[in-house]
Every structure is written in structure tokens, then in C-alpha cells.
Amino acid sequence: GAVVSQHPSWVICKSGTSVKIECRSLDFQATTMFWYRQFPKQSLMLMATSNEGSKATYEQGVEKDKFLINHASLTLSTLTVTSAHPEDSSFYICSARGERGRGYNEQFFGPGTRLTVL
Amino acid sequence: GENVEQHPSTLSVQEGDSAVIKCTYSDSASNYFPWYKQELGKGPQLIIDIRSNVGEKKDQRIAVTLNKTAKHFSLHITETQPEDSAVYFCAARRGTGNQFYFGTGTSLTVIP
């Protein structure tokens, strides 16, 4: 149980285009999801916390107009990288907090999405 | 805020030997400490966790110890196997908040 999927697993796009990444909790409802960015050989950097039905909370230094987050349902959160540039190339990982009574203290991670902007 | 430090950044061991990775944290309010294993090109997977009311937890070849007074916790892997090779991250969570604070990662290589 507690499986999180991401789609796509990898994407290559041209500079200036927008890319949407989906994060789904497959067998549980996730009121809170998190989006991370990871550069090669580095740790996970929290970008934003997404709560179902409300606006995301962005970490300091993360542009909310560039990284649009929508958490419209209890099983889906999306991250849209708008007007992508080569410096946005990275590994994006989402995670979901477990339900109450079922891994509520834990975060379950998706497999990640490799974004390459040409 | 919380600051989590992790050592070493790289670790190589012979197959069958033990591996130990250590983390320290700064916020005494942190009460949940998970360890994640990340294989190349994949998302982190939880391998073991410990809460602040426990000093040690073991799951087969993997164990975690917590010293609340010193604010450090460690991951111990015994009888290492090549498939244990991966990057390991520790994390700490403050109180009942949402945010996890991650260590900088340890790249473990098990040499056959």
C-alpha cells in the first residue's frame, strides 16, 4: 500500500515551453503532497507543500508563478513548470503524506520525473 | 529552523561488512526520524524509521539508533550486499509539522 506515482517519468522540452508533471496517490487519499527538486548528487530540496483545496505554500526562493502547483483532488497534485529554461533541468520528486491511522507520520515518495530543457 | 547533517558523504565497504551512517539534528522538538534509500534515477524509498520515544529499532539487517540527548541518530546495515549500494538519506521532522528536513545523503558502495 501507500503507492505514489508520477507521470511522466522523463520529459525533454524546448526552452520557453511549459511542462506539467502529475503526482498521484494510488491507494490512499493524500491531503498533503510535497514537491521536491533534486540536482545530481545532491539532497532533496523542498519546493512547496500542497494541501488539497487550498493554495500551495512555497519555500523561500521558489517562484510561485514559475512553478504552478494544483492540488485539486485528494489523489492528484500537479506541478507545472512554466516557460522552462535549461536551468530548470532537474529531477522533480513528489511525495504524499499518509492518511490518519495509516502512515500519517510518513512521506511516501513518487519515482521522480527527469526534466531536461533544451 | 532544523538543520540535519549527515556523514560520511561516500562510503565503500566490502560485501559482508557493516556500514554505519550518522546524522545529527539541531531542533530538540524533532520527533520522527526516517531513513530513505534512493537508487539511481528513482525516488527515495523508506527503509526504516524511528520515533523519539524509542532508542533503537531493528528490521532484519537494518537498524537505527537514536540518542536524543546528543541529537544524533545512525543507520546500521549489517552483512552488506551489492544490492545495498545506493544513496541513503536521513531526515527529521519537527513536532507535528509537515516538513521533513533531509540530510545531504551518503553514497554507499558495496564491493563484491
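Before reading further, recall that the structure is shown in the block above.
Let me sum up the structure you'll find in this document. (Residues numbered from 1 in each chain as written. Chains lettered and ligands numbered in written order. Predicted model: local features only at pLDDT ≥ 70, side-chain atom pairs only at ≥ 80, totals over all residues. Heavy atoms only, no water.)

## Some points on the sheet that holds strand β7 (residues 67-73) of chain A
All names here are of chain A.
Okay, step 1: Spatially, β1-β3-β8-β7 is the arrangement adopted by the four strands of the open sheet, whose pairing is antiparallel. Each edge of the open sheet is held by one strand with a lone partner, namely β1 (4-7) and β7. With strand direction ignored, the average angle separating the axes of adjacent strands in the sheet is 15°.
Okay, step 2: Relative to strand β3 (residues 19-25), β1 runs antiparallel, the two being bridged by four bridges. Residue Ser5 lies in a different strand from β3, and its bridge partner there is Arg24. (Pairing = 2+ DSSP bridges. Helix = DSSP H or I, 4+ residues; strand = E, 2+ residues; numbered from the N terminus. Axes fitted to C-alpha atoms, helices over the stretch in contact; angles between N-to-C directions.)

## A look at the side chain of Ser30 of chain B
Okay, step 1: Mapped onto the elements of the fold, Ser30 of chain B is located in strand β4 (residues 30-38).
Okay, step 2: Of the residues examined, Ser30 of chain B reaches a relative accessible area of 3% and is grouped as buried. (Buried < 20%, exposed > 50% of the residue type's maximum accessible area, 1.4 Å probe, protein only.)

## Here's the deal with the interface of chain A and chain B
Interface size is commonly expressed as the accessible area that is lost once the parts come together.
Okay, step 1: On the side of chain B, 21 residues touch chain A, which itself brings 19 residues to the contact.
Okay, step 2: Taking both partners together, chain A and chain B bury about 1,500 Å²; carbon and sulfur atoms supply 47% of that area.
Okay, step 3: The interface formed by chain A and chain B holds zero salt bridges in total.
Okay, step 4: Inspection of the region where chain A meets chain B yields four residue pairs in polar contact (both at pLDDT 80 or more).
Okay, step 5: Contributing elements (two or more residues each) for the side of chain A that touches chain B: β4 (32-38), β5 (44-51), β9 (90-99) and β10 (102-109) of chain A. (Contact = heavy atoms within 4.5 Å. Buried area = accessible area lost by both parts, 1.4 Å probe. Salt bridge = Lys/Arg side-chain N within 4 Å of Asp/Glu carboxyl O. Polar contact = N/O pair within 3.5 Å; in protein donor to acceptor, adjacent residues only side chain to side chain.)

## Description of unusual backbone geometry
Okay, step 1: Cis geometry marks the peptide bond from His7 of chain A to Pro8 of chain A; its omega dihedral reads 0°.
Okay, step 2: With respect to the helices and strands, the residue Pro8 of chain A is situated in the loop between β1 and β2 (10-13).
Okay, step 3: Cis geometry marks the peptide bond from His7 of chain B to Pro8 of chain B, where omega comes out at -5°.
Okay, step 4: Looking at the secondary structure, you find Pro8 of chain B in the loop between β1 (4-7) and β2 (10-14).
Okay, step 5: Positive phi outside glycine occurs at Ser83 of chain A, with the angle close to 45°.
Okay, step 6: Considering the arrangement of structural elements, one finds Ser83 of chain A in the loop between β8 (76-81) and β9.
Okay, step 7: According to the relative accessible area criterion, Ser83 of chain A is partly exposed, its value standing at 33%.

## Structural notes on the sheet that holds strand β7 (residues 62-67) of chain B
Within a sheet, adjacent strands bond to each other through the backbone by hydrogen bonds, running parallel or antiparallel.
Residue and element names in this part refer to chain B.
Okay, step 1: Reading across the sheet, the five strands line up as β1-β3-β8-β7-β6 and stay open at both edges, with antiparallel pairing between neighbours. What marks the edges here is a single partner per strand, and that holds for β1 and β6 (56-59). Each strand axis lies, on average, 15° off the axis of its neighbour in the sheet, ignoring direction.
Okay, step 2: The sheet contact formed by β6 and β7 spans four bridges and is antiparallel. By the bridge assignment, Asp59 is partnered in β7 with Ile62.

## A look at the state of the cysteines
Okay, step 1: Scanning the model with the defined rule gives two disulfides over all chains in all.
Okay, step 2: The disulfide partner of Cys23 of chain A is Cys94 of chain A, and the S-S distance across this bridge is 2.0 Å. Residues Cys23 of chain A and Cys94 of chain A are joined through a disulfide that is right-handed, its torsion about the S-S bond being 80°. Here Cys94 of chain A lies in strand β9 and Cys23 of chain A lies in strand β3, a separation of 71 residues in the sequence. With respect to class, Cys23 of chain A is no different from Cys94 of chain A; both count as buried.
Okay, step 3: Here Cys23 of chain B engages in a disulfide with Cys90 of chain B; their sulfurs sit 2.0 Å apart. On the sign convention where negative means left-handed, the S-S torsion of about -100° between Cys23 of chain B and Cys90 of chain B marks this disulfide as left-handed. Of this pair, Cys23 of chain B sits in strand β3 (residues 19-25) while Cys90 of chain B sits in strand β9 (residues 86-94), placing them 67 residues apart in sequence. Each member of the pair Cys23 of chain B and Cys90 of chain B is classed as buried. (Disulfide = S-S within 2.5 Å.)

So yeah, pure geometry; function would need other evidence.
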